[in-house]
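Overview (structure and organization)
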Amino acid sequence: MLQYSFQFETISKYRAELMGLAILGDMWGHLMNDTYQPSIFAQLARLVHTPGFLFLSGFGLYYSFSNNSDVHLFFKKRIAR
C-alpha cells in the first residue's frame with residue numbers, strides 16, 4: 001500500500017511553478033466567464049485556482065515574515081518592491 005505524506009517544503013520548492021499555474025487557471029476562469037456557456041471547467045477554475053493563488057501568496061508571505069520577524073522591515077521591503 002502506498003503512503004503519502006504532505007510536506008510544506010514541497011510547496012515551497014515548487015511555489016513559482018504552482019503560482020504560474022494558478023495565475024493561468026485564474027485567467028482562464030475569467031475568460032470562461034465571458035462566454036455565455038457555463039461549463040464545469042469554468043466552475044473548477046473559480047473554485048480552485050483563485051483560492052490556490054491566494055494560499056500560495058500567503059504561504060510566501062509567511063515564510064518571508066518568519067525569516068525576519070521585524071514588522072517595520074517586513075513592510076518597508078514590501079513597499080519598496
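Residues numbered from 1 in each chain as written. Predicted model: local features only at pLDDT ≥ 70, side-chain atom pairs only at ≥ 80, totals over all residues. Heavy atoms only, no water.

Our focus in this paragraph is the overall build of the chain. A count of helices and strands for the chain gives four helices and zero strands. Starting at the N terminus and walking to the C terminus, you meet the elements of the chain as α-α-α-α. Per-residue burial for the chain yields a buried fraction of 14% across its 81 residues. (Helix = DSSP H or I, 4+ residues; strand = E, 2+ residues; numbered from the N terminus. Buried < 20%, exposed > 50% of the residue type's maximum accessible area, 1.4 Å probe, protein only.)

The next thing to look at is the packing of aromatic side chains. Counted under the stated rule, the structure contains three aromatic pairs. Joined through ring pairs, the aromatic side chains of F65, F74 and F75 make up one cluster. (Phe/Tyr/Trp six-rings, centres within 6.5 Å; stacked < 30°, edge-to-face > 60°.)

What follows is about the confidence of the model for the chain. On average, residues of the chain carry a pLDDT of 77, and 83% of them reach 70 or more. When pLDDT is averaged over each element of the chain, helix α4 (residues 71-80) comes out on top at 84 and helix α1 (residues 8-13) at the bottom at 76. (pLDDT = per-residue confidence, 0-100.)

On the surface, F65, V71, F75 and I79 cluster together into a nonpolar patch covering about 400 Å² of accessible area. The element contributing the most residues to the nonpolar patch is α4, with three residues. As for its position among the elements, F65 is in helix α3 (residues 40-67). (Patch = residues over 30% accessible without salt bridge, like charges linked within 9 Å, V, L, I, M, F, W, Y side chains within 5 Å. Areas by Shrake-Rupley, 256 points an atom, 1.4 Å probe, with all protein chains shown as cover. Salt bridge = Lys/Arg side-chain N within 4 Å of Asp/Glu carboxyl O.)

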